[in-house]
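Close look at the chain arrangement
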Amino acid sequence: MTIEDTRPRSARYVGRSVQRVEDPRLLSGQGRYVDDITLPGMLHAAFVRSPHARARILNIDASDALALDGVVAVYTAADLAWLNPMVATGPMRDGILAHSRTPLATDVVRHVGDPVAVVLARSPYLAEDGRDLVDVEYEPLEPVLDPLAALEPDSPLVDEALGTNNISHLEESAGDVERAFAEADHVTRLRFHSGRSTAAPIECRGVVAKYEDRAGGRYTIWASTQMPHLLRMFVAPVLGVPEGRVTISSPDVGGAFGLKCTVFPEDVVIPAVAKLSGRPVKWIEDRWENLAAGVHSKDMICTMEIAAKADGTMTAFRGHFVTDSGAFSSIPFTPLVDSQCAGIYLTSCYDVRDVAYSVDNPLTNKCQIGAVRGVGWVPGQLAREVAIDQLARELGKDPVELRLQNMIGPDVYTTAFGQTYDGGSYAEALEKARDAVDYASFRERQAKAREEGRYIGVGFSPFVEPTGWATASAAAGGLPNGYYDTASVTVEPDGSVTVTTGLHSHGQGHETTLAQVTADELGVPMESVRVVFGDTDSSVFGMGTYASRSAVLGFGSIRESAGQVRDRLLRLAAILLEADPGDVELVDGVAGVKGVPGKTVPLQQIALFGYFGGTARPEDVQRDALTATSGYSPGETYANGCAAAVVEVDVETGLVEVEQLVAVEDCGVQLNPTIVKGQVAGAIANGIGVALLEDLVYEDNGEFVSGSLLHYLYPSTTEVPELDLLTIETPSAVSVGGVKGVGEAGTISAPAAIVNAIADALSPFGVVIDRTPVTPEYLRRKLRDAERT
Ligand code: SMO
């Protein structure tokens, strides 16, 4: 490993841009992904999927497929009737209907891509050929496609067993919203449609499974997932076996972005057909399946109202969020991960005490809505920040000044809904972004450009992001179940260190950051630390990686467990050094006595003594040696920051060019600044896609037309400008090490900054931007409409 800076080795690792330990492996093609798993006798699976949005299955004829040489089996729902249903309860909360599904469609298909049958063959190509030969006879039914119409009492039902399409209507309010609106000098109202997007990781999903008919049956499942233990928890009951008979192994994961913290039908179908066929089975998702039948996100109709005084003081927020939820309630997080997250964090960094939101989650005949980077914070942020710019225009106020006027202070703050922020640089981040785009001179530049027929604009989007998802933050966010994580830290007999965690890494660099943390806590060189995760047999139980939680949970759980081990190391060293444990220090893997140069003992010797030193060791060490396991669930941690965008709009073509993008990130104490920058840059690129490009489109008959990366556009290097990545470090008041999470902020903040910049550029035309993505076609239509009026 190479260390970038030249500080003395005794310096702490935390806070340093240590180069990523995993990169040599990943960059030299030595990563091991699900598709790299090959087992003797393995068959390959391909899914027969619905071409219809909604249809009754009249007949499935697999005879032609089975006649094809190399096709081994075709299974339908009838063959899997022994599986238990997959049930989405909405993480143990009230107010959402439990929705269950079978992993393969039984009588009705509910969206394009809904799996109907699975073909097993000797090769993936033969499996696909066999798939094309399965003859499914359908009777098309009228699909439910408009989420608002789906809420009407006379709408056809996506799932008749539920008796309604709306799987959740929630309302919550604080203060006196009615009165605040009645007494307002000014009310701004915006209806904003946040478009349908997804994660589209480079590595699509994949499952390999093997079943062994011993000891009551054992499943080994390799899956590309963010949460091996939770996946096991949800898959085992569907397979009808105890969790102890299921091993989930998630090797290297080539991007996940929330999509892979979902439990999918294929996760149970593949192990089930491995059992039925008696052969290991591999399924690797193709891009069409990923786009049509993974998870979608957003597609939220947001109605945002702001009550304000004439001087610009915002007195109340009211929001209504309707998620076009798709055909199934995604497991485990359900579409509330979008709609409710938009509502519950509505006040963000503003001191608004009268606030109300409501959400609806109509099922429709489209792909399910689930977690994707930034979840419902993205549409919530868009609705609020775009409405604030609209308010500023209507009141003739400067949008930055108006925001600063309404912003909370930097100290610990409890929102109207009861979330307690752990302190942050709310105003400072906005000011920093403002200065980075040279706002003081911008209006002059803008006026000059307009004289030349060029339309440039600037937009801001300050944010607060819940991070370090744990029991406290979940409770404050209206999810009454517990989230924590565990780490085990072991100093091996030779003095090397093994850490296991139930967190996962799919690009975040946990092999590096968690080693940095461990090395500091123990006082050992980082090179001696190995971080193990991704396999339920070899890692301690954990909740997985999502919601910008791993830095906080990983640091906290490692500090707890490493602290216990270090305590034992120091007491052992004290015996060897014939010193008082209080006088012993461990630095860079060498124990010494403070103030006594030359009197040292290396970690290797301490460890050997710890394992084999007989009765000379303290009694608890004789019992537990040098290993400890500890859990951690921090208080609420909230990152904050601000995105600012400068754009130029070509009014002839409707094309938007992002000229400058500034991201100010305050995620508390940074474990590794380079990794923080990487996280922010990737998220900002994602945010540019959400704002301008990414759109999953269904035609009026429910046909899905965005099934390739020619149609589902995401940004490449030509759409992402040089980014100005700035940081502020406000240590968390509540977490171990003052750490807050990072990973989603850019996706949350960038879209609203870009939309506001476009609206600012086009303010002479009176164009109201009311959706994402802001495509050239959409902008031209808006400009034409504006010219006509
Ligand atoms: S959508 Mo993220 O993995 O919480």
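The structure displayed is predicted, hence computed values, not measured ones.

With respect to the nonpolar core
Among the nonpolar cores identified, the biggest contains 163 residues, and Ile221, Ile754 and Ile758 are the most heavily contacted of them. With 11 residues, helix α20 (residues 745-761) is the largest single contributor of residues to this core. Of all hydrophobic cores here, the second largest spans 47 residues; its members include Leu522, Ile606, Ala607 and Val736.

Thoughts on helix α9 (residues 336-344)
Judged by how many residues are buried, α9 sits mostly within the fold: 9 of 9 residues are covered. On its buried side, α9 packs onto β9 (166-174), β15 (297-308), β16 (314-323), β17 (354-362), α10 (377-395) and α14 (471-476).

Quick notes on the packing of aromatic side chains
A full pass over the atoms with the stated rule returns 15 aromatic pairs. Ring centres 5.4 Å apart and planes at 85° place the aromatic pair phenylalanine 47 and tryptophan 283 in the edge-to-face group. With phenylalanine 47 in strand β1 (residues 43-49) and tryptophan 283 in strand β14 (residues 281-284), this pair connects stretches of sequence that are 236 residues apart. Considered together, phenylalanine 47 and tryptophan 283 belong to a single accessibility category, that of buried residues. Members of the aromatic cluster, joined through ring pairs, are Tyr413, Tyr421, Tyr426 and Tyr638.

Quick word on the environment of glutamate 777
Position of glutamate 777 relative to the elements: it lies in helix α21 (residues 776-788). Residue glutamate 777 is classed as partly exposed on the basis of its relative accessible area of 49%. Between the C-alpha atoms of glutamate 777 and valine 584, which are 193 residues apart in sequence, the distance is 70 Å.

Observations concerning the domain arrangement of the protein
Its domain assignment divides the protein into domain 1 (23-31 + 484-632), domain 2 (34-141 + 204-253 + 259-293) and domain 3 (297-473 + 635-788). Relative to domain 3, the C-alpha centre of domain 1 lies at a distance of 40 Å. Across the interface of domain 1 and domain 3, roughly 1500 Å² is buried in total on both sides, 65% from carbon and sulfur atoms. Looking at the side of domain 1 facing domain 3, the largest losses of area belong to Ala547, Ser548 and Val552, adding up to 32% of the total buried there. Joining domain 1 to domain 3, the criterion identifies 7 residue pairs in polar contact (both at pLDDT 80 or more). Where the side of domain 1 that touches domain 3 is concerned, the elements lending two or more residues are α15 (510-522) and α16 (550-577).

Digging into the sheet that holds β9
Ordered by their spatial adjacency, 5 strands build an open sheet running β9-β17-β16-β15-β10, and the pairing between neighbours is mixed. A single partner strand is all that each edge strand has here, and the edge strands are β9 and β10 (186-197). The mean angle between the axes of side-by-side strands here comes to 10°, regardless of whether they run parallel or antiparallel. Bridge count between β15 and β16: 9 bridges; the pairing is antiparallel. Bridge pairing links cysteine 302 to phenylalanine 321 in β16. Across the sheet, α9 is in contact with β9, β15, β16 and β17; its angle to β17 comes to roughly 170°.

Scoring rules and cut-offs
- Residues numbered from 1 in each chain as written.
- Predicted model: local features only at pLDDT ≥ 70, side-chain atom pairs only at ≥ 80, totals over all residues.
- Heavy atoms only, no water.
- Core = buried A, V, L, I, M, F, W, Y, C linked by side-chain atoms within 4.5 Å.
- Buried < 20%, exposed > 50% of the residue type's maximum accessible area, 1.4 Å probe, protein only.
- Helix = DSSP H or I, 4+ residues; strand = E, 2+ residues; numbered from the N terminus.
- Contact = heavy atoms within 4.5 Å.
- Phe/Tyr/Trp six-rings, centres within 6.5 Å; stacked < 30°, edge-to-face > 60°.
- Domains from an automatic or database assignment.
- Buried area = accessible area lost by both parts, 1.4 Å probe.
- Polar contact = N/O pair within 3.5 Å; in protein donor to acceptor, adjacent residues only side chain to side chain.
- Pairing = 2+ DSSP bridges.
- Axes fitted to C-alpha atoms, helices over the stretch in contact; angles between N-to-C directions.

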